[in-house]
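# Survey of secondary and tertiary structure
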Amino acid sequence: MNAEAEAEAARLLRWYPKTWRTRYGEEFAELLVADIIERPRSKSRTADVIRGGIMARLAAAGLGGGTLEASAQGPASLTALGCCAAVFVSLGAAMWSQLTVGWQWSAPDNAATTVAMVVMSAAILILGVLALAAAVPVLWTAGWRLATGRPRGLLGPAALVLACAVIMFVGARHFGNGWPGTGGHRPGLVPGGIAAFSWASTLSVSSYWAHPGALAGFPAAELAWMAASPLALAGLAGGAAALVRRAELPARVLDFETRIGTAACAAMAVFLGGCCAWLVNREPGNLFHPGAIDAAGAAVMTIALLAARHAARAARLALNRPR
Amino acid sequence: MPSRSTDRGPEPGLTGFGRYAGPATLILASLADGAKHGYALTKDIESFSGVRLAPGTLYEALARLQAQGLIEPVESHDRRRPYRLTAVGAQALRAHLDVQRQVADVGLRRLASGWGNA
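These figures come from a predicted structure and were not determined experimentally.

It is worth spelling out the overall build of chain B at this point. Check the secondary structure of chain B and you find 4 helices and 2 strands. Beginning at the N terminus, the succession of helices and strands in chain B can be written as α-α-α-β-β-α. Buried residues in chain B amount to 36% of all 118 residues. Here the analysis covers contacts within chain B between residues at least 6 apart in sequence; of these, 50% occur between residues at least 24 apart.

Here is the structure:
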């Protein structure tokens, strides 16, 4: 029976993340074995362990507060916040840049679409400023740490961030030349270069993926860019997350980043408000009709925003805990 | 009356624990008379409260309590690591139980005046 119980305990333990298993694994397995021997067929125990494992994974990812040490919770929550914001901005920029294409050809003829686009544009501008403000102290600290040789493990993420940033910049600049808006005849809502860059960098967010026949007609280079750019974006976000986790950011930088993250959540909410106003508008204008991909994007952006707010709260709580 | 927990962090007592306040109270109360490991905690809590904390819930609460500095692990060569109450944990438990006692006193007094012994 003991062997069976131990095997069952080992199976259940796999629901928990590695860091948690390293810390609590042995003692938790002992308790599980005792519990399994006492209540061999308990389904509620299995459900409880699965729930606990999922919560531990969310906490390890920075999306839940309270179970990590304060020194680990802040960076973990900030990286979760950053990743959620990256997902939000990628989808939001894709949607926004498509709308700017329409504006380049013809301004919307109703107030609701105009207001929605102005709100979205203002929010995306604020998000851009906040992203720059957040990046500067992290890059400065990481650069300083790299120069002084501690802690180890920063070189890889720093190289990844640099490489992916270069790929995104060069690729988006190159493919931005094919921006449909450049054929428009009137000034757009935002400078054409910015809109073209945003359009090209989010070219992969496309409903064409659901229509392979139409996709096959695309130039090979554009298809390659549509496949490679999400990987570069993921590498950029992943590298930045590793930098934040490993750079041992000082408390004042963590505090600053948490404030930026909270402000970013507010800006994302404003953007989503504008986006929803456009989506529910029954007469958005000929060039501004939303599609199923926009509704799906808004749904994912809502989830990303909720997760980002959760992570921001966890980061704030960590800052106020004794270290 | 205690205020709700805020983003400023946990206040004295267990108001920052939200839905984990119940298991946390039981664990702290159990540890108040000495260090115990997970299985001993489960048995002790069941004996004095009639509540059997499931393993996942128990360790989720233990991790939170430890992260907040209310309990700490005791050095052990056994695979079953015991935990003990810290001074901060004792203070938090006392504050929480004082509030609970006030609630119980008020409830019992009102029950007695409104419902008698029924």
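What follows is about the overall build of chain A. Of regular secondary structure, chain A possesses 11 helices and 0 strands. If you list the helices and strands of chain A from N to C, you get α-α-α-α-α-α-α-α-α-α-α. Considered along the principal axes of its C-alpha atoms, chain A spans approximately 75 × 50 × 40 Å. The 323 residues of chain A split such that 43% are buried. Put simply, 80% of the contacts in chain A that link residues at least 6 apart link residues at least 24 apart.

This paragraph deals with the confidence of the model for chain B. Chain-level statistics for chain B give a pLDDT mean of 84 and a share of 86% at 70 or above. Low pLDDT, under 50, characterises residues 1–11 of chain B; the stretch is placed with 21 contacts to residues that sit more than four places away or in other chains.

Look at Glu248 of chain A: it is not a glycine, yet its phi comes out positive at around 50°. Tracing the backbone shows Glu248 of chain A in the loop between helix H9 (220–246) and helix H10 (251–279).

A word on the interface of chain A and chain B. Contacts between the two partners involve 26 residues from chain A, matched on the other side by 20 residues from chain B. Among the secondary structure elements, those contributing two or more residues to the side of chain A that touches chain B are helix H2 (18–38), helix H3 (43–60) and helix H11 (292–319) of chain A. Here the side of chain A that touches chain B gets 9 residues from one element, more than from any other, and that element is H2 of chain A. Considered class by class, the residues forming the side of chain A that touches chain B number 10 nonpolar, 5 polar and 11 charged.

Bringing the environment of Val253 of chain A into the picture now. Residue and element names in this part refer to chain A. Among the structural elements, Val253 can be located in helix H10. Taking C-alpha positions, Val253 is 31 Å from Gly274, a pair spaced 21 residues apart along the chain. Not counting chain neighbours up to four residues away, the residues in contact with Val253 comprise Pro137 and Thr141.

What follows is about the confidence of the model for chain A. In this model, chain A carries an average pLDDT of 87, and 95% of its residues clear a pLDDT of 70 or more. The secondary-structure element of chain A with the lowest mean pLDDT is helix H8 (residues 212–215) of chain A, recorded at 84, while H10 of chain A shows the highest, at 93.

Turning our attention to the nonpolar core. Residues and elements named next belong to chain A. In this structure, Cys84, Phe88, Met268, Ala308 and Ala311 are the most contacted members of the largest nonpolar core, which totals 104 residues. The element contributing the most residues to this core is helix H4 (residues 70–105), with 17 residues. Viewed by domain, this core spans two of them, domain 1 (2–60) and domain 2 (72–319), each represented by three or more residues. Among the nonpolar cores identified, the runner-up in size contains 12 residues, and Phe175, Ala196, Trp199 and Ala200 belong to it.

Under the domain assignment used here, chain A contains domain 1 (2–60) and domain 2 (72–319). Relative to domain 2 of chain A, the C-alpha centre of domain 1 of chain A lies at a distance of 38 Å.

A few words now on H4 of chain A. Here H4 of chain A contains 36 residues, and its C-alpha end-to-end distance of 52 Å stays within 8% of the 52 Å for a straight helix at 1.5 Å per residue. Judged by how many residues are buried, H4 of chain A sits mostly within the fold: 31 of 36 residues are covered.

Glancing now at the packing of helix H1 (residues 21–31) of chain B against helix H3 (residues 55–67) of chain B. Residue and element names in this part refer to chain B. Put simply, H1 and H3 touch, their axes get as near as 9 Å, and they point 75° apart. With respect to their mutual orientation, H1 and H3 come out roughly perpendicular. Residues Pro23, Ala24 and Ile27 of H1 lie in contact with H3, whose contacting residues are Thr57, Leu58, Ala61, Leu62, Arg64 and Leu65. Looking at side-chain class alone, the contact of H1 with H3 contains 7 nonpolar, 1 polar and 1 charged residues.

Once that is clear, we can look at the environment of Gln91 of chain B. All names here are of chain B. Locating Gln91 in the fold gives a position in helix H4 (residues 87–115). C-beta crowding within 10 Å serves as the criterion here: with 14 such atoms nearby, Gln91 is assigned to the partly exposed category. Distance from Gln91 to Gln102, taken between C-alpha atoms, is 17 Å for residues 11 residues apart in sequence.

Before going further, it helps to examine H2 of chain A. Of all the bends in H2 of chain A, the greatest, near 70°, is centred on Tyr24 of chain A. Within the sequence span of H2 of chain A, burial applies to Trp20, Tyr24, Glu27, Phe28, Ala29, Glu30, Leu31, Leu32, Val33, Asp35 and Ile36 of chain A. As for H2 of chain A, its buried residues are in contact with helix H1 (2–13) and H3 of chain A together with helix H2 (38–49) and H3 of chain B.

The subject of this paragraph is the packing of H3 of chain A against H3 of chain B. Viewed as axis vectors pointing N to C, H3 of chain A and H3 of chain B meet at an angle of 30°, and their least axial separation amounts to 7 Å. In terms of orientation, H3 of chain A lies roughly parallel with respect to H3 of chain B. Contacts between H3 of chain A and H3 of chain B involve Arg45, Asp48, Val49, Arg51, Gly52 and Met55 of chain A from the former and Pro55, Gly56, Thr57, Tyr59 and Glu60 of chain B from the latter. The residue makeup of the contact of H3 of chain A with H3 of chain B, split by class, is 4 nonpolar, 3 polar and 4 charged.

Rules of the game
Residues numbered from 1 in each chain as written. Chains lettered and ligands numbered in written order. Predicted model: local features only at pLDDT ≥ 70, side-chain atom pairs only at ≥ 80, totals over all residues. Helix = DSSP H or I, 4+ residues; strand = E, 2+ residues; numbered from the N terminus. Buried ≥ 20, exposed ≤ 12 C-beta atoms within 10 Å, placed from the backbone. Contact = placed C-beta atoms within 7 Å. pLDDT = per-residue confidence, 0-100. Nonpolar A, V, L, I, M, F, W, Y, C, P; charged D, E, K, R; others polar. Core = buried A, V, L, I, M, F, W, Y, C linked by C-beta atoms within 7 Å. Domains from an automatic or database assignment. Expected span 1.5 Å × (residues − 1). Axes fitted to C-alpha atoms, helices over the stretch in contact; angles between N-to-C directions. Parallel < 35°, antiparallel > 145°, perpendicular 65-115°, else oblique. Bend = angle between axes of the 7 residues up to and from the residue.

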